[in-house]
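# Coordinates in review
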Amino acid sequence: MSDDLILSVVVGSRAYGLDTDDSDTDRRGVFVAPTEEFWRLTKPVTHRDGPLPEQFSWEVERFCGLALDANPTVLECLWSPLTEVLAPEGERLRDLRGAFLSQRAHQTFIGYADAQFRRLDPVAPKWKQAMHMIRLLLSGLHLVRHGEPLVQMGAYRDRLLAIKRGEVAWAEVAAWRAELTTDLAEAPSVLPAAPDRESVEKYLVAVRRAHLQ
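Here the focus is the layout of surface pockets. Taken as a whole, the largest pocket encloses approximately 600 Å³ of empty space. Take the lining of the largest pocket: its biggest share by element is six residues, from helix α6 (residues 127–146). Split into classes, the residues belonging to the lining of the largest pocket amount to six nonpolar, eight polar and ten charged. As a volume, the second largest pocket reaches approximately 160 Å³. In terms of lining, the second largest pocket is formed by Glu61, Cys64, Gly65, Leu68, Arg197, Val200, Glu201, Leu204 and Val205. Counting only elements with at least two residues in the lining of the second largest pocket, the list comes to α2 (60–68) and α9 (197–210). Ranked by residues supplied to the lining of the second largest pocket, first place goes to α9 with five residues. The residue inventory of the lining of the second largest pocket, partitioned by class, reads five nonpolar, one polar and three charged.

In structure tokens:
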């Protein structure tokens, strides 16, 4: 692991409880660039791959911006049950996760799922993609109802894996998707109207000060 990582979690099928014998281990993380690098004409990278296979990380400012926009992938990182790196600044970031939440999640989770749905061919669908489309809607629905995304899919494991194996008719998958989309759009939300940007900014400023050499 890189020395500048403050948070690294396992995501994907292993975090969702949908792993099988041939599942990869997908990792997502947050790193902090030295503050002085932002004073240069060439700015530090906002994200990077590696060094481990199937690993991707965001610089902390980029991560916070995406989380404030209710990006489903980023939000789920903050609730992953499988943590491999948790530096003090990463722990404070995770403790702050409620500040990122807002009712915008209704639109972002639906939007991401709709984008996946439009890419699916009903005649020959990519069943793994179809499974994750449904999983995303389930996660978003739980988020707006209970204030946190549903990461562990144990209650839906058998049905979701049946979709992945192509054992569920496309019409049934499409009907489930339509039902979940309606529920997510219309569900009474426990989420605030807007995220707590002030708290997030205070955290980010503190991180930048701590990394000023």
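With that settled, consider the pairing of strand β4 (residues 55–59). Of all five residues that make up β4, five are buried, and the element is covered over most of its length. The alternating pattern of β4 places Gln55, Ser57 and Glu59 and Phe56 and Trp58 on opposite faces, both of which are buried. Both strand β2 (residues 26–31) and β4 contribute to a ladder of five bridges, which runs parallel. Directly across from arginine 28, in β4, lies its bridge partner phenylalanine 56. The pairing of strand β3 (residues 47–49) with β4 spans three bridges and is classified as antiparallel. Along β4, the bridge assignment pairs arginine 48 with serine 57. Where β3 folds back on β4, the antiparallel hairpin that results is connected by five residues, among which glycine 50 adopts a positive phi of roughly 75 degrees.

This brings us to the pattern of salt bridges. In this structure the tally under the stated criterion is eleven salt bridges. When the shortest N-O distance is used, the salt bridge between arginine 27 and glutamate 84 registers 2.6 Å. Residue arginine 27 is found in strand β2, and its partner glutamate 84 is found in strand β5 (residues 83–86); the two are separated by 57 residues along the sequence. On the basis of relative accessibility, which here comes to 37%, the residue glutamate 84 falls in the partly exposed class. Residues participating in the shared-partner salt-bridge network are Glu59, Glu61 and Arg208.

About the criteria used
- Positions within a chain are numbered from 1, following the residues in the order the chain's sequence is written.
- Only residues with pLDDT of 70 or above have their local features reported here, since the model is predicted, and side-chain atom pairs are shown and tallied only from 80 upward, although totals for entire chains, interfaces and linings are computed over all residues.
- Side-chain metrics rest on all non-hydrogen atoms present in the structure, leaving aside hydrogens and water.
- Cavity means a closed set of points on a 1 Å grid over the protein atoms alone, one where a 1.4 Å probe fits but cannot get out, pocket means an open set with protein on both sides within 12 Å along at least 5 of 7 lines, and lining means a residue has an atom within 4 Å of a point.
- Grid points are joined across faces, edges and corners, and a volume is the space filled by probe spheres set on the points.
- Per the convention used, a helix needs a DSSP run of H or I reaching at least four residues, while a strand needs a run of E reaching at least two, with both numbered from the N terminus.
- Any residue outside Ala, Val, Leu, Ile, Met, Phe, Trp, Tyr, Cys, Pro, Asp, Glu, Lys and Arg is labelled polar, Gly included; the first ten of those are nonpolar and the last four are charged.
- Burial here depends on accessible area, computed with a 1.4 Å probe over protein chains only, as a share of the maximum for the residue type. Under 20% is buried, over 50% is exposed, and the range in between is partly exposed.
- When DSSP finds at least two bridges between two strands, those strands are taken to pair.
- We define a salt bridge as a side-chain nitrogen of Lys or Arg found within 4 Å of a carboxyl oxygen belonging to Asp or Glu.

Purely spatial values, then, with no claim about function.
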